[in-house]
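# Coordinates in review
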Protein chains: 2
Amino acid sequence: MKNKVKRFAAIQEIISTTVVGSQEELLQKLSEKGFELTQATLSRDLKQLKVSKTTNSQGEYIYQLPTRNLQDEGRTFGNDFPRSNAFLSIEFSGNIAVVHTRPGYASSLAYEIDETAKGTIIGTVAGEDTIIAVIKENKTAKDVTEALSKIIPSIK
Amino acid sequence: MKNKVKRFAAIQEIISTTVVGSQEELLQKLSEKGFELTQATLSRDLKQLKVSKTTNSQGEYIYQLPTRNLQDEGRTFGNDFPRSNAFLSIEFSGNIAVVHTRPGYASSLAYEIDETAKGTIIGTVAGEDTIIAVIKENKTAKDVTEALSKIIPSIK
DNA sequence: ATATTTTTTGCATAATTTTGCAGCGGTAAC
DNA sequence: GTTACCGCTGCAAAATTATGCAAAAAATAT
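Residues numbered from 1 in each chain as written. Chains lettered and ligands numbered in written order. Predicted model: local features only at pLDDT ≥ 70, side-chain atom pairs only at ≥ 80, totals over all residues. Heavy atoms only, no water.

## Looking at the sheet that holds strand β5 (residues 121-126) of chain B
All names here are of chain B. If you trace the four strands from one edge of the open sheet to the other, you get β3-β4-β6-β5, paired in antiparallel fashion. Looking at which strands have only one partner, the edges of the open sheet turn out to be β3 (87-93) and β5. Averaged over all pairs of adjacent strands, the angle between their axes in this sheet comes to 20°, without regard to strand direction. In the sheet, strand β4 (residues 96-101) pairs with strand β6 (residues 130-135) via five bridges, with the strands oriented antiparallel. Residue pairing across strands places isoleucine 96 opposite valine 134, the latter belonging to β6. Where helix α5 (residues 141-148) meets the sheet, it contacts β3, β5 and β6, and its direction lies at approximately 160° from that of β3. (Pairing = 2+ DSSP bridges. Helix = DSSP H or I, 4+ residues; strand = E, 2+ residues; numbered from the N terminus. Axes fitted to C-alpha atoms, helices over the stretch in contact; angles between N-to-C directions. Contact = heavy atoms within 4.5 Å.)

Take a look at the structure:
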């Protein structure tokens, strides 16, 4: 679900910037940001994100992100073709290309794109599941798809 | 109390060398080592030791000793803004719309935008307080504001 | 498209964790 | 010796968190 990716981002953002002492409290803050879910789901989210509950120096309970965020979630990453796996769609508007990816794969695919399409794309920005790429002047959408077909055969 | 010191050492030794999923389980192992206490006391011990409960790579719950890095808990900035207030401004340039939000609200608002303006926006990328949205070809800024007015009435 | 499989979610409840309170034992001041 | 205080503990209850299950939603295959 699309929602989950952004919800994960919101959870991480909240617990890294504020003191939250319980899941109910975190739920409340998520709700204020427009994410509606139950405590059960949040518990499962925290488990997936490997968030831990611990005590800060003031003796309050707090939630903490893992020190190194390996956010793989056990998907096939290194084995197969991660690039073609990650890719979902591409769409153009003017000098911008918007690439949608599977949740969490945007930045890795953006890296591949940067490398591969240096001649036709001047830069990319990646979110969780979306990449925005700026196309070089006097290059076309066709040039982009051609360049990207090297790493994404399915792009046609 | 001397007993407590030894008990603390035993707790640290156990949770750093074995997988324990609950306090009852840890209690059991402490008992095997000759420490008799109740789960209530253990809970307080763990709080003092700043032990955290988290998830390992196998998806099991485990207890974890603190890393020496005691990271401060960061700013506790406004978390009580109503959601309608997340939006601050929107500005257009060519086929790009830039939305500013209150700090931290960008990704949740981006989610709303993705959902609401599917027909006029082909993709968004969100940072902390800024969203970049790419407008579909032959759609206009007016189309965008109209679509967004559903979720942001103040957008005019 | 339709069908099948997988993932996500809420509900209700179970399991676990936290805490208020009172008692105990030790210590220091009087 | 008595009193006051303080940290530690268990008990019981409250609070919080985790999960089995069924339904809904998405993803994927046909």
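Read on for the rest.
## A look at the sheet that holds strand β5 (residues 121-126) of chain A
All names here are of chain A. Read from one edge to the other, the open sheet built from four strands follows the order β3-β4-β6-β5, with strand pairing classed as antiparallel. Two strands lie at the open edges of the sheet, namely β3 (87-93) and β5, each paired on one side alone. On average, adjacent strands in this sheet sit at an angle of 20° to one another, irrespective of strand direction. Against the sheet, helix α6 (residues 141-148) makes contact with β3, β5 and β6 (130-135), and its axis sits at roughly 160° relative to β3, the strand it touches most.

## Thoughts on the protein's contact with DNA strand D
Within the structure, DNA strand D sits among 20 residues, and A:Gln23, A:Ser43, A:Tyr63, B:Arg7 and B:Thr41 are positioned closest to it. The sugar-phosphate backbone supplies 65% of the atoms of DNA strand D found within 4 Å of the protein. Within the side chain of A:Lys47, a nitrogen or oxygen atom sits 3.2 Å from a phosphate oxygen of DNA strand D. In this structure, B:Arg44 approaches DNA strand D through a side-chain N or O atom, which is 3.1 Å from a base nitrogen. With five residues, the top contributor of residues to the surface near DNA strand D is helix α3 (residues 39-49) of chain A. Classifying every residue of the surface near DNA strand D by side-chain character gives six nonpolar, six polar and eight charged. (Near = heavy atom within 4 Å. Polar contact = N/O pair within 3.5 Å; in protein donor to acceptor, adjacent residues only side chain to side chain. Nonpolar A, V, L, I, M, F, W, Y, C, P; charged D, E, K, R; others polar.)

## Section: the protein's contact with DNA strand C
With respect to spatial proximity, 19 residues lie near DNA strand C, and among them A:Thr41, B:Gln23, B:Gln39, B:Ser43 and B:Tyr63 are the closest. Among atoms of DNA strand C positioned within 4 Å of the protein, sugar and phosphate together represent 63%. Between DNA strand C and A:Arg44 there is a distance of 3.0 Å, counted from a base nitrogen to a side-chain nitrogen or oxygen. One nitrogen or oxygen atom from the side chain of B:Arg44 is found 3.3 Å from a base oxygen belonging to DNA strand C. If you list the elements that add at least two residues to the surface near DNA strand C, you get α1 (2-17) and α3 of chain A together with α3 (39-49) of chain B.

## Looking at the confidence of the model for chain A
Model confidence for chain A is summarised by a mean pLDDT of 78, while 82% of its residues fall at 70 or above. For chain A, helix α4 (residues 82-86) of chain A is the element with the lowest average pLDDT, namely 54, and α3(A) is the one with the highest, namely 91. (pLDDT = per-residue confidence, 0-100.)

## What to know about the interface of chain B and chain A
Taken residue by residue, the interface counts 45 residues in chain B and 44 residues in chain A. Here chain B and chain A share an interface that buries about 3600 Å² over both sides, 51% of which is from carbon and sulfur atoms. Where chain B touches chain A, the interface holds zero salt bridges. Here chain B is connected to chain A by eleven residue pairs in polar contact (both at pLDDT 80 or more). Secondary structure elements with two or more residues in the side of chain B that touches chain A: α3, β1 (52-55), α4 (106-116), β5 and β6 of chain B. Among the elements that line the side of chain B that touches chain A, the one with the most residues is α4(B), at seven residues. Here the residues of the side of chain B that touches chain A sort into 14 nonpolar, 18 polar and 13 charged. (Buried area = accessible area lost by both parts, 1.4 Å probe. Salt bridge = Lys/Arg side-chain N within 4 Å of Asp/Glu carboxyl O.)

## Concerning the packing of aromatic side chains
Counted under the stated rule, the structure contains zero aromatic pairs over all chains. Here the basic side chain of A:Lys53 rests over the ring of A:Tyr61, its NZ or CZ set 5.0 Å away from the ring centre. (Phe/Tyr/Trp six-rings, centres within 6.5 Å; stacked < 30°, edge-to-face > 60°. Lys NZ or Arg CZ within 6 Å of the ring centre and 35° of its normal.)

## Topic: helix α2 (residues 23-32) of chain A
For α2(A), the set of buried residues is A:Gln23, A:Leu26, A:Leu27, A:Lys29, A:Leu30 and A:Glu32. Where α2(A) terminates, the next one or two residues include A:Gly34, which has phi positive at roughly 100°. (Buried < 20%, exposed > 50% of the residue type's maximum accessible area, 1.4 Å probe, protein only.)

## Re unusual backbone geometry
All names here are of chain A. Within the chain, lysine 50 stands out as a residue other than glycine whose phi angle is a positive 60°. Looking at where lysine 50 falls in the secondary structure, it is placed in the loop between α3 and β1 (52-55). Overall, the relative accessible area of 23% leaves lysine 50 in the partly exposed class.

## Comments concerning α6(A)
Residue and element names in this part refer to chain A. Listing the buried residues of α6 in full gives Val144, Thr145, Ala147 and Leu148. Here the buried residues of α6 occupy an arc of 160° about the axis, which is enough to place them on one side. At its buried positions, α6 is contacted by β3, α5 (106-116), β5 and β6. (Arc of directions from axis to C-beta.)

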